[in-house]
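Spelled out, the chains give:
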Amino acid sequence: MKHLLFITLAFLSVQLSAQQKQFSKDDNGKFIYYKVVDSQAVSKDTLLQRSKSFVNVAYKKSMTQETVTDSSVLAKGTLVIDKTILVAGHPSGEVSYNFVFEARNGKYRFWLTDLLFIPYQRDRYGNFVATTKIGVPLERTPGKLNAGAWKDILNSAYNKIEKFGDDFKKYLATSKVEKTRKKTETISTKKW
């Protein structure tokens, strides 16, 4: 009975580890998150305007716009990777990336590449800060001692980037209109 339970648990753990999502690799061997989306209902100019709004308004704190052309947007950004142990969690590092968006009539594509991990550590004030400014490429193979931690970092980075991609697709699909704020009127008790 013990051996049957052990074999069942080993088989399930192998199945679960095989289901983890992985980054694709580009022509240079770097990790890339690449999506092509059909958008027949939205024009190219509207897609470009919404993507600029996404970079400059929605993700203003974590992204900076580099260049804009008539059909593309290039930006750089960072995502904070969290390390969760049971209920408590703290940031373990950040992943910096290059974001590219290109639009045509009827479809658009975007990708995140040049993924670099920068580890965090606690400073003397208790804040988590970057240990260095030099990032480690996510595609590097770790040593035996760091393999488990690196696997967790890759899984967490993939989940964060996938959520980022879903947010970006939702933002481009919705027709959000910037509401103009009305100037608040002052109430005068002298005039009726």
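Attention in this report is confined to the structure presented alongside it. Because the structure is predicted, anything quoted here is derived from the model rather than measured.

**A short note on the packing of helix H2 (residues 44-58) against helix H3 (residues 147-173)**
Okay, so step 1: It is at 9 Å that the axes of H2 and H3 come closest, and there the two elements cross at 130°. Overall, the two elements H2 and H3 adopt an arrangement that is oblique. The handedness of the crossing between H2 and H3 is right-handed. Here Leu 47, Arg 50, Ser 51, Ser 53, Phe 54 and Ala 58 of H2 come into contact with H3, specifically with Phe 164, Asp 167, Phe 168, Tyr 171, Leu 172 and Ala 173.
Okay, so step 2: Each residue belonging to the contact of H2 with H3 can be placed in one class, and the counts come to 8 nonpolar, 2 polar and 2 charged.

**Considerations on the pattern of salt bridges**
Okay, so step 1: Scanning the model with the defined rule gives 4 salt bridges in all.
Okay, so step 2: Residues Lys 160 and Asp 82 are paired through a salt bridge, measuring 3.6 Å at the closest nitrogen-oxygen approach. On the criterion of sequence distance, the pair formed by Lys 160 in helix H3 and Asp 82 in strand S4 (residues 72-85) is long-range, its members being 78 residues apart.
Okay, so step 3: We note a salt bridge from Arg 109 to Glu 102, for which the minimum N-O separation is 2.5 Å.

**Examining the nonpolar core**
Okay, so step 1: Counting 36 residues, the largest nonpolar core has Met 63, Phe 99, Phe 101, Tyr 108, Phe 110 and Leu 138 as its most contacted members.
Okay, so step 2: Of all the secondary structure elements, the ones that give two or more residues to this core are strand S2 (31-38), H2, S4, strand S5 (88-104), strand S6 (107-122) and H3.
Okay, so step 3: For this core, the element with the highest residue contribution is H3, accounting for 10 residues.
Okay, so step 4: Apart from residues lying up to four places away in sequence, Tyr 108 is in contact with Lys 35, Val 36, Val 37, Ser 39, Leu 47, Phe 101, Glu 102, Ala 103, Phe 168, Lys 169 and Leu 172.

**Describing the pairing of S2**
Okay, so step 1: Pairing between strand S1 (residues 24-25) and S2: 2 bridges, direction antiparallel. Pairing of Ser 24 across the sheet is with Ile 32, part of S2.
Okay, so step 2: Here S2 pairs with S6 via 7 bridges, running antiparallel. Bridging from a neighbouring strand, Val 36 pairs with Arg 109 of S6.

**So, the packing of aromatic side chains**
Okay, so step 1: Here the structure, examined in full by the defined rule, presents 20 aromatic pairs.
Okay, so step 2: Between Tyr 97 and Phe 164 the ring centres are 5.7 Å apart and the planes differ by 55°, which places this aromatic pair in the tilted class. Placement of the pair is Tyr 97 in strand S5 and Phe 164 in helix H3, with a sequence separation of 67 residues. For the residue pair Tyr 97 and Phe 164, the accessibility class agrees, reading buried in each case.
Okay, so step 3: Judged by centre distance (4.9 Å) and plane angle (65°), the ring pair of Phe 110 and Phe 168 falls under edge-to-face. Here Phe 110, found in strand S6, pairs with Phe 168, found in helix H3; they are 58 residues apart in sequence, far enough to count as distant.
Okay, so step 4: By relative accessible area, which is 0% here, Phe 110 ends up buried.

**Observations regarding the pairing of S6**
Okay, so step 1: Note: S5 against S6, 11 bridges, orientation antiparallel. When the sheet's bridge partners are listed, Ser 96 is paired in S6 with Leu 116.
Okay, so step 2: With antiparallel pairing between neighbouring strands as the criterion, S5 and S6 make up a hairpin whose turn holds 2 residues, including Gly 106 at a positive phi of roughly 95°.
Okay, so step 3: As defined by bridge partners, S6 adjoins strand S7 (residues 128-130) across 3 bridges and the pair is classed as antiparallel. Bridging across to S7, Arg 122 finds its partner in Phe 128.
Okay, so step 4: Between S6 and S7, which pair antiparallel one after the other, the connecting turn spans 5 residues, and Gly 126 there sits at a positive phi close to 90°.

Reading the values: rules and limits
Residues numbered from 1 in each chain as written. Predicted model: local features only at pLDDT ≥ 70, side-chain atom pairs only at ≥ 80, totals over all residues. Heavy atoms only, no water. Axes fitted to C-alpha atoms, helices over the stretch in contact; angles between N-to-C directions. Helix = DSSP H or I, 4+ residues; strand = E, 2+ residues; numbered from the N terminus. Parallel < 35°, antiparallel > 145°, perpendicular 65-115°, else oblique. Left-handed = near helix turned anticlockwise from the far one by under 90°. Contact = heavy atoms within 4.5 Å. Nonpolar A, V, L, I, M, F, W, Y, C, P; charged D, E, K, R; others polar. Salt bridge = Lys/Arg side-chain N within 4 Å of Asp/Glu carboxyl O. Core = buried A, V, L, I, M, F, W, Y, C linked by side-chain atoms within 4.5 Å. Buried < 20%, exposed > 50% of the residue type's maximum accessible area, 1.4 Å probe, protein only. Pairing = 2+ DSSP bridges. Phe/Tyr/Trp six-rings, centres within 6.5 Å; stacked < 30°, edge-to-face > 60°.

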